[in-house]
Amino acid sequence: MNWLTKLIPSMGSSKPKSKVPDGLWSSCPSCESVLYAPELEKSLFVCPKCDHHLRIGARKRLEIFLDNGFFHEIAPDIKTKDALKFRDTKHYTSRIKDAISSTGENEAIIIGKGSLDTMPVVVAAFEFRFMGGSMGGVVGEKFVQGVNEAIADHSPFICFATSGGARMQESMISLMQMAKTSAALQKLKAANLPYISIMVDPIYGGVSASLAMLGDINIAEPDALVGFAGRRVIEQTVRVDLPDDFQKSEFLLKNGAIDMIVHRRDIRSKVHGLLKKIYKN
């Protein structure tokens, strides 16, 4: 006990509990402005100061996008099995349990069946908080079931993709999902049904190299990082300095890799407008 604590006993007491509820305030990762949670939610989790698009969960993404926030979840109970008994610093099963506990989701993707301005749609949304949105066997299977549901209902299919790529703990099983999801999208195309891919920061690896870039229309949010390998890996491999905006959605649009950039507040109306032009029910 130091002399100040002896002089003023209350100085040594525990800090009084704050009357402000947890989660009421947050900060923008771009401009570091302090943001009031209810106001941030009204702005669809876009910073009102700098327009930075904050990352949001898959379930919240579907609630924002679909009419009245309502959707019927497709294949919610499929769970990952550790077929390879993989272990790095932790068992794969332990990593899955931790991801389920921290996110409340069973896997890194949610498939929802709902409506967009009364138009029936099937929507996939990746959950980046679940092991970096990595694509393993269950993610691929859920995606395919979503495509099959769209074909059965003769509905458009939409995907919000954010991922670190294929899941290394599943080795070739995860890499196989690139071909599996691509084949499912080919069936969707054969059924004359549109697929709109919306890329969300960040999107890399096997997901960007397959389902994310196969949309009839490829859209990205502003400043979203989209690529296959990371910037530092590319610079070290080709030994050149890359532009400051390399792999940002604006760079991709300028170089013809995507079709458009759409602000989060406009995504519902833009997608609905596109579907009205290219989709006949």
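S.K.: Would you mind showing me how to read the overall build of the protein chain here?
M.R.: What the protein chain contains, in helices and strands, is 10 helices and 9 strands. On the principal axes, the C-alpha backbone points of the protein chain span a range of 80 × 45 × 45 Å. Taken over 281 residues, the protein chain has a buried fraction of 44%. Accessible surface computed for the protein chain: about 15200 Å², of which carbon and sulfur atoms make up 55%.

S.K.: How do you make sense of the pattern of salt bridges when you look at a structure like this?
M.R.: Opposite charge on two side chains makes pairing possible when the charged atoms of those side chains draw close. Here the structure, examined in full by the defined rule, presents 21 salt bridges. Ionic pairing is found between Lys-42 and Glu-39, a salt bridge with its closest N-O pair at 3.8 Å. Of the two residues, Lys-42 and Glu-39 are both situated in helix α2 (residues 37–42); the distance of 3 residues between them amounts to about one turn of the helix. Of the residues examined, Glu-39 reaches a relative accessible area of 44% and is grouped as partly exposed.

S.K.: In this structure, what is going on with a nonpolar patch on the surface? I would like to understand it.
M.R.: Taken together, the side chains of Trp-25, Val-34 and Tyr-36 present a nonpolar region at the surface, about 330 Å² in accessible area. Examined against the element boundaries, Trp-25 turns out to sit in strand β1 (residues 25–27).

S.K.: Would you mind showing me how to read the nonpolar core here?
M.R.: Soluble globular proteins: nonpolar side chains tend toward being buried together. Membership of the largest hydrophobic core comes to 64 residues, with the highest contact counts inside it found for Phe-143, Phe-157, Ile-158, Leu-211, Ile-219 and Val-271. Take this core: its biggest share by element is 7 residues, from strand β5 (residues 119–126). Apart from the residues lying within four places of it in its own chain, the contact partners of Leu-211 are Phe-126, Met-135, Phe-143, Cys-159, Ala-161, Thr-181, Leu-185, Tyr-195 and Ser-197. The next biggest cluster of nonpolar side chains, apart from the first, holds 7 residues, and it includes Cys-28, Leu-40, Phe-45 and Leu-54.

Calculation rules
Residues numbered from 1 in each chain as written. Predicted model: local features only at pLDDT ≥ 70, side-chain atom pairs only at ≥ 80, totals over all residues. Heavy atoms only, no water. Helix = DSSP H or I, 4+ residues; strand = E, 2+ residues; numbered from the N terminus. Buried < 20%, exposed > 50% of the residue type's maximum accessible area, 1.4 Å probe, protein only. Areas by Shrake-Rupley, 256 points an atom, 1.4 Å probe, with all protein chains shown as cover. Salt bridge = Lys/Arg side-chain N within 4 Å of Asp/Glu carboxyl O. Patch = residues over 30% accessible without salt bridge, like charges linked within 9 Å, V, L, I, M, F, W, Y side chains within 5 Å. Core = buried A, V, L, I, M, F, W, Y, C linked by side-chain atoms within 4.5 Å. Contact = heavy atoms within 4.5 Å.

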